[in-house]
Every structure is written in C-alpha cells, then in structure tokens.
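Geometric and topological summary
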Amino acid sequence: MFINRQPRIRLSVLVAVLVFSGASDAGACQFCIALPQRTEADRLLASDCVILAKPDPADPFRFSVTETLKGSYDGSKIDLLVDSATRSYLKLHPDRSAMLVRDEVSGDWKSLGTIGQEYELLVRRLIAVAQGWRGPEASMNRWQYFLTYFEHEDQRIRELAYLELARAPYEVIRKLGQSVARATYEPLLVERRYYEWRGLAILLLAQSDSASDRQHILDSFTAAEHHGLVMHLDAWATAAIEVEPETTIRSIEENYLRSTQRTDEELQAVVRALSMQGSLQDAALRERIVLSYKVLLQNFPQFAPQIAKDLASWNRSELADELSEITSLRGELQMADMHLIRDYVAVATQRKLENTHE
C-alpha cells in the first residue's frame, strides 16, 4: 500500500477549484493517455447491459445473474464459461461477484473480472451519474468524477482513476501535481509493470519542489535526446520545459527542430510537448514557442497544419506569411489541412491589417 492519506483534504479542495474554474477540454493531454486506451469505464458506459453474476449452482461452469446494474437483462443464456480460477476465487470470496458487460457492437457478453464491494459501489455511482454527462462538458464531468478516486486505497480503483485522469486537460494535470503527495504516484515511476502508464506520472513529477526530482527530469530528457528514445519523450520534454523553460526549448530547437537525424516519431513527440505548453491558459511561454514553430516550419513544413491549428487557437498571427507560402508549395497536403492553413492565414492577415490601422 502506498497511499498517503494526508493529501486527501488538498485533493478535495482541488476538485472544488476545478469545478468552478471553467476548465475544459482545451489543451487535453493527448500524449500521456495510459494503456490500454479503452478503460473499463469505457466498456461500462458503452454497454447497454451490465450485470453481476456468480457460478450457477446447477451448472458451476455457467454464470447465473444475481443483479442487473445497467439496462435490462432478458434472461437469455450467457455464452461464457466460468473458468476454474474464477470459480475457485468466488467460492473463497462469497462477497465478490463477476461483472459482465454486453458488447455494444457484437452483442456478446464480456467479463470484466471479479469485483468487491468498493469497486461495485464505484460502478453503481458511475452508471448513475454518467446519465447526466451530455454535450461538450461530458468529458470534463467524467475526469472530475474520477479525480476523487486518485488516492483510493483499492489498487484497481486507483489504477482506473489514473487511466481516466490521463485524458484530463494538461491544466488540470499541472494543478493535480501540486496537490497530491509524491507517494501517491511514485510506484508508477519506478515499477516495471506500470512502464507504459508513466506519462501522467512524469507530468505530475514536474510539479515537485524537490531538487532531486527536477534534476531527474532534466537528466531523463537529456538521456532520451542523446539515445534517440521515443517512449515518454513527449512527457519528459514537457516536464523539462516546466523545470528549465528556456534551456529546454533551446535544446529542442537545436537537437530536434534543426536536425536531419531525428525520426518522425521523435519530432512529433517534442512538437506535442511544445503544443501542450503553449496551450496553457497562462501560457507565459507562448511567444517563445511561436519562435520555435517558425524554426520547425522552416525545416519540417509537414507540420504546417499542426502549427496553423495551434496559432489559430492562441490568436497568434506571426507566421501567416510563412504558412501562406506553404499552401502554394506543398501540393501533397490533404485538402482538409489546406483549408485549415488557409483559414488561419486569412484570419491572421486580417488581424495584422487591423493592428496596423490602429
């Protein structure tokens, strides 16, 4: 068990702050989505029927429904065998049940494993509150719901919350990193079984005040840069920008944006990091990142659509002329990308004219 109970008060305060702060999906964390990308919550919410079941006393190799948590069970045969491990486990733990969902596409029943009372309570609440998640605020309501489970004692619940919060806006992740104890996510940084999930933990670590943590981030980014590593490069780059903004951005420019030796995956990773930092509400680095985008555009014009999208979102018009040239030279751009760039150029050019007249 690695939960520090003390930060719970701070975390509950954070929930209240975020609810009323108007945080939205803008700047959603697009690179630290932990694997698997489809969580159990996705399956529960997508399914039209969720049930609890135990081995049938008359046929212990078949499931017998004990309760329907979502939708309506029509009594039809459940074509799932109860394996020996599940059968033995449920016999040893009579307070637990198997949770089954009906696949939304195939209609087949799928098992999500056995659950205890704590997880069952989470599922009941999730199914109930999710009915009100509609429109553009649906995803915001969802990660706010799971935020309260980030420090839960139950490992399965805690891991589900981690997977869900990996989808939250980067603005939220930064605030979360300032509010939870390092012990809460430390195993995600050091244990091999969590390696693929590490991106969010790296971003949380970036908010640490510890000199050793900050040096670890810089060393890890430098190592990724030196060895051409891709896994978690976007997270390490983002975290390094948090620790040493100017030095890291300059290093990204020199060692990635001006380099002919980098792979597409490496370039995409560092560009995601720049984009995420530039999309913050208090983006003090935005002007500096726009300069990096100019370097990127000069050397890798294939990133023009991403640059145009970000600059339009940030209301920046500096690269209108450069992007205008791209549309006339890059015949291989997709039509949708061409429209995106041209729309940005038109708006940015108009803005520059208005500023000139003022």
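Figured I'd write up the structure that's included with this text. (Residues numbered from 1 in each chain as written. Predicted model: local features only at pLDDT ≥ 70, side-chain atom pairs only at ≥ 80, totals over all residues. Heavy atoms only, no water.)

1. Quick look at the pairing of strand β1 (residues 50-56)
Stated precisely, the cut-off is as follows: Strands qualify as paired when DSSP identifies two bridges or more between them. Numbering of helices and strands runs from the N terminus, with a helix taken as a DSSP run of H or I at least four residues long and a strand as a DSSP run of E at least two residues long.
As paired strands, β1 and strand β2 (residues 59-70) are joined by seven bridges and run antiparallel to one another. Paired with Ile 51 across the two strands is Thr 68, which belongs to β2. Remark: two residues form the turn of the hairpin made by β1 and β2, two consecutive strands paired antiparallel. Across four bridges, β1 lies against strand β3 (residues 97-102) in antiparallel orientation. Looking at β3, one finds that Ile 51 is bridged to Leu 100.

2. Topic: unusual backbone geometry
Trans peptide bonds make up the majority, and among non-glycine residues the majority have a negative phi. We count it as follows: Buried, partly exposed and exposed residues are distinguished by accessible area as a fraction of the type maximum, computed with a 1.4 Å probe on protein chains only: under 20%, between the cut-offs, and over 50%, respectively.
Unlike most non-glycine residues, His 232 shows phi in positive territory, near 65°. Tracing the backbone through its elements, the reader meets His 232 in the loop between α10 (211-227) and α11 (233-243). Note on His 232: relative accessible area 10%, which makes it buried. Look at Asn 315: it is not a glycine, yet its phi comes out positive at around 60°. In this fold, Asn 315 is placed in the loop between α15 (304-314) and α16 (320-329).

3. Considering the packing of aromatic side chains
For the record, the criterion: Only rings of Phe, Tyr and Trp enter the pairing, Trp through its six-membered ring, and a pair is recorded when the two centres are within 6.5 Å. The plane angle decides the type: under 30 degrees is stacked, over 60 is edge-to-face, the rest tilted. When the NZ atom of lysine or the CZ atom of arginine is within 6 Å of a ring's centre and also within 35 degrees of its normal, the charge is said to sit over that ring.
In total, this model carries seven aromatic pairs according to the counting rule given. Here Tyr 293 and Trp 314 contribute two aromatic rings whose centre-to-centre distance is 5.7 Å and whose plane-to-plane angle is 15°, an arrangement assigned as stacked. Of this pair, Tyr 293 sits in helix α14 (residues 286-299) while Trp 314 sits in helix α15; the two residues are 21 residues apart in sequence, bridging distant segments of the chain. Looking at Tyr 293, the relative accessible area reads 0%, which means it is buried. An aromatic cluster is defined as three or more aromatic residues linked by ring pairs; in this entry it consists of Trp 133, Tyr 145, Phe 146 and Tyr 149. Its guanidinium or amino end placed over the ring of Tyr 256, Arg 262 lies 4.1 Å from that ring's centre, counting from NZ or CZ.

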